[in-house]
Amino acid sequence: MNTLCMESGFVSLNKQGEDLCGDFFTTVSDDDATTFVLSDGMGSGVKANILATLTAKILATMTANHLSIRDSVTTLAQTLPVCSVRKLAYSTFTLMQVLPDWQVYLAQFDNPQAILLRDGKSVEYPTQELMVGDKRILESRLTLQSGDVFLLMTDGVTHAGLGNLIPDGWQREGVLQYVEEIYTPDLSAKNLATRVADACRDLYLERIDDDVTVAVFKMRTRQAVNLLVGPPRQQKDDEAFMHRFFASEGTHIVCGGSTAQMVSRYLGRQLIISEDYVDPDIPPVAKIRGIDLVTEGIVTLSRVLEMADRYASSQSIPSHWDTRSDAATQIARVLLEDATDIHFFVGRAVNPSHQSPSLHIDFSLKMSIIEKLEKILREMGKRVTVEYC
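Residues numbered from 1 in each chain as written. Predicted model: local features only at pLDDT ≥ 70, side-chain atom pairs only at ≥ 80, totals over all residues. Heavy atoms only, no water.

Peer 1: So what about the overall build of the chain? Which residues, and what values?
Peer 2: Helix and strand counts for the chain stand at 10 helices and 18 strands. Taking 389 residues into account, the globule formula puts the C-alpha radius of gyration at 21 Å, and the chain, at 24 Å, falls close to it. Considering only C-alpha atoms, the chain reaches an extent of 70 × 45 × 40 Å along its principal axes. Residues classed as buried in the chain amount to 51% of the 389 residues present. (Helix = DSSP H or I, 4+ residues; strand = E, 2+ residues; numbered from the N terminus. Rg over C-alpha atoms; globule rule 2.2 N^0.38 Å. Buried < 20%, exposed > 50% of the residue type's maximum accessible area, 1.4 Å probe, protein only.)

Shown next, in the form of structure tokens:
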């Protein structure tokens, strides 16, 4: 297995009073390459959103199908609708295509120039000009290394604070200095994007004058996580199921009371139940020697799903993400930030304690949570496998 992977995270903030963002970000992947495009449509609101969406999708699709940037931009100029007021069809873009060997092609048109961090410090990368009609495109080709971080942004980032806290706006140099200051090797792509967007919100004094989008890409080592929830339908399968779970490399998480008891019996180690409620609405963690995390099942996983849904959105990560220590937040951090490869081991046994009408918990609820989590994690680019027994 290739030990490196690219983690991505993005955050968008709408201009004050707008329901739609005038920036748009899209991804197209196949066996040959992964293509990312970040576009900023002229103006704001519906028209800007349409311009940005068309730009990003046209460029991503054409580039993924091996058309040159010259042909793609020419087609784009002929396709975009023209503003009736300004007589322009105007949309900026940053395009990044990543090959399986981590060779990168970068094409930038009128967006703030992307920032590359290597070992936490900004490094210059080669650029050359390409003129397509009257459009000046900056092209770059480079090879990514482990730990590299690429930050793409629209001008809503560099304009933050303009005329208020910073007369000339934040500018690319200000963003660069900020990300160097807050960088740590364990900071995830989503977390870094969120911090930059939050800094923009502060510089705008909570009144955002332009759409803001930050997209961050981080090269990192693959990390496997195994999550076990529920015993097998047939008790005779317990031992084989446990063997496969523990034979899998990586972090091991056990969810559910009956699941934890099964693991305790299999390992011959004591299950220690805690009464320490960090959050009154989330059951506390338990302990089994050799297991990274042991939690309650359905209630905790329901909260994990809520956090994952919010995390995967373009807005932000859950509040107090870095400081909370309840069981749901611990699982969510591992799945969403630490893990690149996730293996769910899902037992189909029906828990008798869930059959009380007053609990309103049934087997289908557990399956639904796992399926929704799997979908969110896959859409985030993580490798996910699910094994039922």
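Peer 1: How would you summarise the pairing of strand β12 (residues 224-229) if you had to cite specific residues and measurements?
Peer 2: Summarising burial for β12: 5 of the 6 residues are buried, a large majority. Pairing geometry for β12 and strand β17 (residues 341-346), over 6 bridges, is parallel. Within β17, the residue paired with Val 225 across the bridge is Ile 342. Bridge count for β12 against strand β13 (residues 251-255) is 5 bridges, and the pairing is parallel. (Pairing = 2+ DSSP bridges.)

Peer 1: Tell me what's going on with the packing of helix α8 (residues 298-312) against helix α9 (residues 327-338), and back it up with residues and numbers.
Peer 2: Relative to each other, α8 and α9 sit at 45 degrees, their axes nearing to 9 Å. Judged on the interaxial angle alone, α9 and α8 are oblique. Crossing angle aside, the handedness with which α8 passes α9 is right-handed. For the pair α8 and α9, the contacting residues are Thr 300, Arg 303, Val 304, Met 307, Ala 308 and Tyr 311 in the first and Ala 327, Ala 328, Thr 329, Ile 331, Ala 332, Leu 335, Leu 336 and Glu 337 in the second. Here the contact of α8 with α9 is composed, by residue class, of 10 nonpolar, 2 polar and 2 charged. (Axes fitted to C-alpha atoms, helices over the stretch in contact; angles between N-to-C directions. Parallel < 35°, antiparallel > 145°, perpendicular 65-115°, else oblique. Left-handed = near helix turned anticlockwise from the far one by under 90°. Contact = heavy atoms within 4.5 Å. Nonpolar A, V, L, I, M, F, W, Y, C, P; charged D, E, K, R; others polar.)

Peer 1: Go over the pairing of strand β3 (residues 34-41), please, and point to the residues and values.
Peer 2: Of all 8 residues making up β3, 7 are buried, and the element is well covered by its neighbours. When strand β2 (residues 23-29) meets β3, the two strands line up antiparallel, connected through 7 bridges. By the bridge assignment for β3, Phe 25 is matched with Leu 38. From the end of β2 to the start of β3, which pair antiparallel, there are 4 residues. In this structure, β3 lies alongside strand β4 (residues 91-98), joined through 8 bridges in antiparallel fashion. Bridged to Phe 36 within β4 is Met 96.

Peer 1: Account for a nonpolar patch on the surface, with residues named and values stated.
Peer 2: There is a patch of nonpolar side chains on the surface, built from Leu 20, Val 46, Ile 50 and Leu 54 and spanning about 310 Å² of accessible area. Turning to its location among the elements, Val 46 is positioned in helix α1 (residues 45-64). For Val 46, a relative accessible area of 52% gives the class exposed. (Patch = residues over 30% accessible without salt bridge, like charges linked within 9 Å, V, L, I, M, F, W, Y side chains within 5 Å. Areas by Shrake-Rupley, 256 points an atom, 1.4 Å probe, with all protein chains shown as cover. Salt bridge = Lys/Arg side-chain N within 4 Å of Asp/Glu carboxyl O.)

Peer 1: Quick one: what's the story with the state of the cysteines, residue by residue and with numbers?
Peer 2: With the rule as written, the count across this model stands at 0 disulfides. In this model Cys 200 remains outside any disulfide bridge; the closest cysteine sulfur is found in Cys 21, 12 Å from its own. (Disulfide = S-S within 2.5 Å.)

Peer 1: Describe the nonpolar core, naming the residues involved and giving the relevant values.
Peer 2: With 33 residues, the main nonpolar core has Leu 227, Ile 253, Ile 331, Leu 335 and Phe 344 as its most contacted residues. When contributions to this core are tallied by element, the ones reaching two or more residues are β12, β13, α8, α9, β17 and α10 (363-379). (Core = buried A, V, L, I, M, F, W, Y, C linked by side-chain atoms within 4.5 Å.)

Peer 1: Quick rundown of helix α6 (residues 238-247)? Include the residues and the values.
Peer 2: Turning to α6, its buried residues number three or more, namely Asp 238, Phe 241, Met 242 and Phe 245. The buried residues of α6 occupy one face: seen down the axis, they fall within an arc of 100 degrees. The exposed set on the far side of α6, more than 90 degrees from its buried face, consists of Glu 239, His 243 and Ala 247. Contacts from the buried residues of α6 go to β12, β13, α7 (257-267), β17 and β18 (383-388). (Arc of directions from axis to C-beta.)

Peer 1: Quick one: what's the story with helix α2 (residues 69-79), residue by residue and with numbers?
Peer 2: All buried positions along α2 are accounted for by Ile 69, Ser 72, Val 73 and Leu 76. Considered in projection along α2, the buried side chains sweep an arc of 95 degrees and stay on one side of the axis.

Peer 1: Describe the pattern of salt bridges, listing the residues and the values that go with them.
Peer 2: In the structure shown here, the tally under the stated rule is 15 salt bridges. Across the pair Asp 279 and Arg 324 runs a salt bridge, and its minimum N-O distance is 2.6 Å. With a gap of 45 residues between them, Asp 279 in the loop between β14 (272-273) and β15 (286-287) and Arg 324 in the loop between α8 and α9 connect regions that are remote in the sequence. Residue Arg 303 is joined to Glu 306 by a salt bridge in which the shortest nitrogen-to-oxygen separation is 3.7 Å. Taken together, the positions of Arg 303 and Glu 306, both in helix α8 and 3 residues apart, correspond to about one turn of that helix. Overall, Glu 306 belongs to the exposed group, its relative accessible area being 52%. What emerges from the salt-bridge pattern is a single network uniting Asp 279, Arg 303, Glu 306, Arg 324 and Asp 326.

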